[in-house]
Each structure stands twice: as C-alpha cells, then as structure tokens.
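Working through the structure, step by step
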Amino acid sequence: MRRSPERAQRLRRVRPAPAVVHRAVRVTAAACAGFYTFRYGLDRPVSATYALFAAIALGVLARIEGSARTRARTILWTLPAAWALVCLGTVLAVHSWAAALGMVGVGFAVSYGSVGGPRMVGLANGLQLLYILPCFPPYSPDTLPQRLLGVTAGLLLLAAAELLLRPEPAPPDYRGRLARAALALAELAGLAADACAGRPAAPGAVTAAADRARARLDELRFSRVPVMERPAGAGAVDRALTHCAAALRYAGPQVLRILRLARPYPGAARLTAVTAQALRAAAAGLPRTGPVPDTGVLERELAAFDTARAAEPRPDRTDRTDRGGHSDRSDRSDRTDRTDRTDRGGRSDRARPALGTAALDAAEGARFVLRAVRVGRRAPLPPDETPADQRPGPFWYAYDPAPLLRWRRFRANLTPRSVAFRNALRTAGALGAARLLAGGLDLSHGFWVLLATLTLMRTSAADTRMTLRPALVGTALGAAATAAVLLAVGEHPLVYALALPPVMLIAFTAGPALGQAWGQGLFTLVVALVFTQLAPASWRLAEARVVNVAAGAAIGLLAGLCAWPRGGAQDLRRRTAALLEDSADALRETVAVLTGTGRPGGALRRARTSALLTEAMYAQYRCERHDPAGDGPSWQAAVLAGQHAVRGAEPLLARIPPGTAAPHRGGARVLVGHADEVAAAFRRQAAALRAREPAGAAHPAVARARAALVAELDGGPAPGSDGRVSLHAVDVAVWLAGLLDDLQQIHEPG
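So, here's what we can say about the structure. (Residues numbered from 1 in each chain as written. Predicted model: local features only at pLDDT ≥ 70, side-chain atom pairs only at ≥ 80, totals over all residues. Heavy atoms only, no water.)

1. Topic: the overall build of the chain
- Helix and strand content of the chain: 27 helices and 0 strands.
- With 750 residues in all, the chain has 55% of them scored as buried.
- Sequence separation of 24 or more characterises 82% of the internal contacts of the chain that already satisfy a separation of 6 or more.
- Carbon and sulfur atoms form 60% of the exposed surface of the chain, whose accessible area is close to 31,100 Å². (Helix = DSSP H or I, 4+ residues; strand = E, 2+ residues; numbered from the N terminus. Buried < 20%, exposed > 50% of the residue type's maximum accessible area, 1.4 Å probe, protein only. Contact = heavy atoms within 4.5 Å. Areas by Shrake-Rupley, 256 points an atom, 1.4 Å probe, with all protein chains shown as cover.)

2. Comments concerning helix α27 (residues 727–744)
- Taking 1.5 Å per residue, 18 residues should reach 26 Å; α27 reaches 26 Å between its end C-alpha atoms and fits that length.
- By the criterion of burial, α27 is predominantly enclosed, with 18 of the 18 residues buried. (Expected span 1.5 Å × (residues − 1).)

3. Let's talk about the packing of helix α2 (residues 18–41) against helix α20 (residues 516–534)
- Across the interface, α2 lies against α20 with an axial gap of 11 Å and an inter-helix angle of 20°. Classed by the angle they form, the pair α2 and α20 counts as roughly parallel. In this structure, α2 meets α20 at a crossing whose hand is left-handed. Each of F35, Y36, R39 and Y40 in α2 lies in contact with α20, whose residues at this interface are V530, Q533 and L534.
- In the contact of α2 with α20, the residues fall into 5 nonpolar, 1 polar and 1 charged. (Axes fitted to C-alpha atoms, helices over the stretch in contact; angles between N-to-C directions. Parallel < 35°, antiparallel > 145°, perpendicular 65-115°, else oblique. Left-handed = near helix turned anticlockwise from the far one by under 90°. Nonpolar A, V, L, I, M, F, W, Y, C, P; charged D, E, K, R; others polar.)

4. Points about helix α3 (residues 45–61)
- Look at α3: 23 Å from first C-alpha to last across 17 residues, which is about the 24 Å you get at 1.5 Å a residue.
- Taking burial as the measure, the 17 residues of α3 include 13 buried ones, the bulk of the element.

5. Looking at unusual backbone geometry
- Here the residue pair P137 and P138 is connected by a cis peptide bond, since its omega of 5° sits within 30 degrees of zero.
- Inspection of the secondary structure puts P138 in the loop between α7 (118–132) and α8 (144–164).
- Not every positive phi belongs to a glycine, and D43 is a case in point at roughly 55°.
- As for its position among the elements, D43 is in the loop between α2 and α3.
- Using a relative accessible area of 56% as the deciding quantity, one classes D43 as exposed.
- The phi angle at R378 is positive, at roughly 60°, despite the residue not being glycine.

6. Examining the packing of aromatic side chains
- Taken as a whole, this structure holds 8 aromatic pairs when the rule is applied.
- Both rings, one in F108 and one in Y112, keep their centres 5.5 Å apart while their planes meet at 10°; by these two values the pair is stacked. Linking F108 with Y112, this pair stays in helix α6 (residues 96–112), spanning 4 residues, or about one helical turn.
- The exposure class assigned to F108 is partly exposed, which follows from its relative accessible area of 22%.
- Classification of Y112 as buried rests on a relative accessible area of 6%.
- Feature note: the residues F108, Y112, F410 and F421 constitute an aromatic cluster, connected by ring pairs. (Phe/Tyr/Trp six-rings, centres within 6.5 Å; stacked < 30°, edge-to-face > 60°.)

7. Focus on the pattern of salt bridges
- Tallying each qualifying case throughout the model produces 18 salt bridges.
- For the salt bridge of D211 with R214, the shortest nitrogen-to-oxygen distance reads 3.3 Å. Here D211 pairs with R214, and both are found in helix α10 (residues 203–218), just 3 residues apart, close to one helical turn.
- What makes D211 partly exposed here is its relative accessible area of 42%.
- Classification of R214 as partly exposed rests on a relative accessible area of 45%.
- The salt bridge partner of E219 is R216, with a shortest N-O separation of 3.5 Å.
- On the accessibility criterion, E219 (26% relative accessible area) is partly exposed.
- Since its relative accessible area comes to 31%, R216 is described here as partly exposed.
- Three or more residues are tied together by salt bridges with common partners; here these are E299, E364, R367 and R371. (Salt bridge = Lys/Arg side-chain N within 4 Å of Asp/Glu carboxyl O.)

Below, the structure is given as structure tokens:
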C-alpha cells in the first residue's frame with residue numbers, strides 16, 4: 001500500500017535522525033557518569049547535581065556544531081565562563097534582589113554576546129543555566145568548591161564523550177557552499193565567453209547552467225543557512241566569507257547579462273573566460289587546505305580590456321539607423337534587451353558598450369571574490385587602493401586587528417534597531433522578572449521557573465504563544481506520570497538510579513523528534529528521577545514542576561507581549577524602507593563622486609551598515625511564523641536591491657577615477673539627473689513600504705525611471721565633448737538600470 005505524501009512526511013518527522021540519537025547517547029553518558037560518580041562513589045550530592053546539569057546545559061540547551069574535535073574544543077573553551085557564572089550566582093544568591101539584578105546583567109550580556117558570532121548564539125542558553133542553577137537558595141558559599149568541581153567534571157566528561165562516543169564527521173560548512181556556487185557560476189561564465197567568441201552553446205545547456213547557478217547562489221543566503229553554519233562572526237575571516245557570498249551574488253546577474261547581450265566580441269570573450277578561470281581558482285582556494293588564489297592574471301586582463309575598450313571606435317549619439325536606412329528601434333520588443341540589437345550591416349551597435357560593461361562588472365565581481373578568499377585564508381592583500389577621500393574601502397577589515405573588529409561590531413549593535421540588542425533586552429527582562437517572582441513566592445525548585453522562561457520564550461509573542469500549549473500539556477502529562485511513579489515506587493533510590501539513564505536517553509531523543517510536548521513531559525520525569533536520588537520526595541514534586549513551568553511560561557509570554565511583540569516582522573518593513581533610503585543616498589553620492597559634482601560624505605558606509613542590520617532582521621523574520629496573507633511584498637528582493645546598490649558602487653569607485661565618468665559637463669548633468677530619478681524611485685518604494693501600500697504601488701514610478709534610463713542607453717548616454725559615448729558613463733548607467741531591475745522585483749508579493 002502506497003503512503004500518502006503527508007503520512008510519509010509525518011513518519012519522517014517522527015523518526016529521529018541518527019545525529020539526534022548519537023547526541024542523546026553522549027549527553028546521557030556524560031551526565032550519568034558524573035552524577036553517579038559523585039552521588040554514590042564520593043558521596044558529594046552538590047557536585048553530582050552540578051556535573052549532571054553542566055552536561056545537560058551544554059549538551060542539550062546549547063547548540064554546538066562542527067566536527068567532534070571542534071565541539072570538544074568549544075566545550076573546553078567555555079570552562080572559564082562556566083566557573084565565572086557559577087561563582088557569580090553563588091555569591092549573589094544572598095538575596096533575591098541581588099540574584100535578580102545579576103540575572104538581568106548576565107541575561108543581557110550572554111544574549112547580546114550573540115553579535116560576536118554563531119558560536120555564542122548556540123552557547124547562550126547553556127551558559128544562562130550555569131548562572132540560574134547557583135543563584136537560588138540555599139545561600140551556601142562554602143559549597144562553591146564542590147560546585148566548581150562538579151561543573152568541571154561534567155564539561156570534561158561531555159568533551160570526552162564527543163570525542164569517544166560515536167563521533168560524527170564535520171557537517172558541510174559555508175566554505176563548501178561558496179565553492180559550489182563559484183563553480184556553478186564559472187560554468188555559466190564559460191558558456192558566456194563561448195557565446196562572445198561566436199560559439200554559442202545550445203539553449204538547453206545555457207538554461208540548465210543558469211538554473212544551477214541560481215540555485216547555488218540562492219543557497220548562500222543566510223535565511224537558507226542554519227544559524228551555526230553562518231559566517232556571522234566579527235573577525236576578518238567571517239567577514240571575508242560574507243563578502244565573498246555577496247560578490248558572487250553580484251557577479252551572477254552580470255554573467256546572465258553577458259549571455260543576453262552576447263555577440264561576437266573577442267575582448268569580452270577573453271575577459272569573461274579569465275573570469276571563469278578566476279572563479280574556479282576561488283572555488284579551489286576556499287577549502288582551508290586548497291591553494292591560495294592569485295589575483296594577478298585577472299587584474300592584468302581587467303586593465304588590458306579597459307584600455308582596449310577605451311581605444312575602440314565608439315558609436316556617435318546621433319547615429320540611429322543601420323546601413324539600409326532602417327531605424328534600429330523597429331524590432332525592439334523586449335524591454336530588458338532594448339540595447340541588445342545588432343544592425344543589419346553586421347557592425348557593432350549600441351549594445352556593444354553595454355556588453356563590455358557587463359563583462360567588466362562580472363570580472364570585477366570575480367576580483368572581489370578572489371580578494372575575499374585571500375582574506376579568508378589570511379593571505380596578504382596589496383595596500384588599499386581606495387582613494388583616501390573614499391576610504392574605508394570594501395576590505396577595510398583586512399587591515400584591522402581582531403579586537404578592534406569585535407569592538408566595532410558590539411558598538412554598532414548597541415541600538416534598538418538591532419535584533420540582537422532587542423532580543424538581549426527581552427531575555428534579560430524576562431529572566432530578571434522570573435527570578436524575582438520565584439524568590440518572592442519562595443517557590444520550591446524555583447530555577448525551573450527561569451528554565452521554562454528561557455526555553456519557551458521566542459522572539460515574537462505569536463511564536464511564544466504557539467509553544468505554550470504543547471509545553472503545558474506535556475508538563476502536565478509528565479507530572480502525572482511522575483506522581484504515579486513516586487506513589488508506586490516510594491523511597492527506593494536504587495529503582496530511580498536504574499531508571500534514570502534509559503529515561504534520559506528517551507527524553508533527549510524524543511524531544512527533538514516528536515516536539516515540545518514530548519520533550520517537556522519526559523524532561524519532567526527526568527528531573528524527578530534526579531531529585532528523588534538527592535533527597536526524599538513525594539508526589540508534590542510533580543505539582544511543583546507544573547506550577548513552576550506555568551509561571552515561567554506566563555512570564556515569557558508577558559515579556560513577548562511587552563517587548564517588541566511582533567518580533568522580526570514588527571520592524572522589518574521600517575528597516576527595509578530605511579535600507580532603500582540609505583541606498584538612494586549612496587547611489588546618488590556615488591554618481592556625484594564619479595562625475596566630479598560632489599564629494600564622499602559617508603553615505604556608502606551608512607548603506608553598508610544598514611544592509612547588515614536589515615539582513616539580520618530578515619533572517620530572524622524567516623525563522624518566525626507569519627500569516628502568508630499579511631507578509632507584504634518580496635522582502636528578499638528589497639534586501640537584495642539595497643545590497644546590490646552597495647556592491648555595485650564599490651567596484652565602480654575602485655575602477656573609475658573620480659570626476660571621469662562624464663568628462664563633459666552636459667554628460668555629467670545627464671548622469672546626475674538619472675541618478676536622481678533612480679534615487680527617487682528607491683525613495684518612492686520606501687514610502688510605499690512605510691505606508692503599507694500594495695506590493696505594486698511603486699511600480700509605475702520605477703517603470704518610468706527604467707524607461708527613461710533605457711532610452712538614454714539606446715541613444716548613447718552621457719556623451720563626451722566630441723559627441724561620442726563615454727564608456728564610464730555606460731558603466732554607471734548600466735549599474736543604475738540594474739538597480740531599477742532589482743527594484744521591480746519587489747512588486748511581486750512573497
């Protein structure tokens with residue numbers, strides 16, 4: 001009998017993955033080994049408690065990814081932080097107010113530390129528990145050595161288990177994604193080079209290669225990458241990998257444009273072929289053991305092509321017809337390819353400069369990829385070639401020490417616009433309130449209140465509310481099972497000692513596989529089996545568990561309702577609108593610098609920072625639940641429009657000397673006018689987002705600006721004093737037209 005797709009999906013979800021089972025085995029072995037050794041072998045119940053919960057904190061609550069060696073090394077690196085948190089919690093347990101204030105400080109610091117990279121994101125909940133456990137009564141600083149001994153033993157046992165018990169191979173990392181994307185784009189660039197050399201491939205082959213390249217480039221988006229795999233750290237290596245992904249995503253559309261404009265053009269064919277070789281070299285150099293790529297060949301080819309292109313005869317702006325006297329506008333039917341025509345006489349038409357610009361842009365993207373790979377491999381870069389008045393350049397981080405980079409990251413996120421800052425405030429406030437409530441009501445096992453708040457609270461009130469029902473139902477059922485076991489077994493610690501390992505193994509396996517209810521219910525039974533071995537307990541232990549979890553869940557829900565209840569969706573619209581406005585300022589300033597009509601004022605740097613903040617908010621938004629009918633326009637397209645404004649401006653500023661984009665005053669006025677129109681289109685789209693207008697509300701304004709710019713490209717934009725086309729002006733105009741193409745993608749909801 002064939003299974004329906006829905007039933008097959010449910011079965012796959014219920015069946016735990018081998019990695020989940022292996023992790024449950026490792027955590028169970030480490031926790032039970034430490035607990036039994038101290039509880040029964042050395043008769044140190046305090047050390048036994050801390051050994052068990054230390055292993056659970058970093059083995060279950062924390063998310064530590066990578067190879068077995070990497071996970072073990074990360075656990076060992078957390079030992080000093082674990083000691084500090086246990087000491088601080090032990091000292092501040094003297095009074096509920098002191099413990100609550102400490103909880104606010106620790107909650108904010110640990111949660112805000114996630115801006116330092118995905119490793120801190122994964123460790124945050126585990127580190128919070130290492131303060132929560134000792135900050136509750138009894139206040140007994142004399143037991144601090146035993147507590148530290150238990151934490152140390154638990155973490156050492158967990159690290160040993162990672163290395164010895166079914167160690168897993170390293171999962172695919174972001175470097176592998178980048179390498180696959182570079183290879184797919186290199187294949188597409190090779191086909192584009194053949195097309196420019198007069199050897200076009202079959203349409204089916206081009207379509208298949210383009211689809212592969214798009215799919216590989218799409219895999220690079222942080223919203224498609226697990227949190228722990230993202231190169232989101234503040235160091236130069238992670239920044240370089242992020243820059244490499246952005247450069248690849250920028251180069252992809254340029255290669256596709258070459259294919260659309262392709263016609264015999266030997267210079268563009270050679271440059272695009274070298275671009276394909278550079279992308280293959282970058283793919284080979286991305287693994288840590290691969291050869292470090294060199295940028296010399298591509299740099300020389302770029303310079304040679306730019307020189308040769310400048311020496312070529314350029315079409316006159318007034319030459320609008322072919323040799324047969326027919327207007328070359330007569331067969332233009334596709335809006336995107338209006339510049340992509342050859343006259344009937346067989347000579348180069350006005351699309352040739354645009355083809356050269358596309359080849360240059362693709363090569364510039366590959367050059368940025370090569371340089372980013374070199375930074376990611378810690379290889380030296382040449383001195384910063386960015387003019388002094390335009391610094392910092394795109395690779396500014398390669399010249400700064402790591403502590404300074406981290407400090408800049410922390411300082412930049414100290415704003416309510418930052419997702420990390422908001423989440424840290426929400427977490428700190430909720431945990432501080434939970435600690436006050438538990439102390440004020442003198443709840444037995446009050447740390448369960450904080451643990452429930454920590455594990456059930458989400459970044460939006462809707463998500464928190466969705467977790468409440470399964471968590472409370474699971475806890476209630478688990479408490480009922482616990483009460484039945486305690487009533488049936490009574491005070492027989494040996495029974496509980498024998499039952500703990502299998503129940504713990506099932507709990508840590510079933511929770512990720514079956515959902516929140518199973519996880520909460522089985523964990524309730526686990527903690528009951530633990531505490532009955534530490535002191536005599538009655539069925540009221542189960543009652544206390546239900547009360548504490550309910551209190552913690554209520555505090556998490558209230559915190560979610562009071563502090564940015566809509567999560568990433570609350571300000572994604574406003575943040576994206578701000579990104580489009582910052583991008584408008586950046587593109588307007590870039591054109592002013594290139595035409596000599598203005599000077600840098602930091603707009604590009606502000607747009608770059610705005611793009612990072614918006615990407616972080618969009619990534620959180622993708623992790624939350626939303627009503628599809630209310631999602632609005634294509635947020636991903638809006639984020640990409642802002643990113644492409646920054647990534648397109650950087651190579652233009654690096655390649656074109658200031659003031660040379662339009663040597664004639666009239667040409668400068670034309671380019672500045674088009675930049676104003678494009679900037680106005682960006683601002684119109686931003687205003688439409690702020691006003692919650694329909695997704696296509698800004699389409700007419702964008703279409704008008706696109707039509708005007710394409711018409712100027714058709715006639716040869718920004719002529720020089722001799723009436724000939726300025727190639728640098730073509731570069732700028734094609735960039736502006738591409739930004740409008742990006743902007744039009746926002747009009748489709750999704």
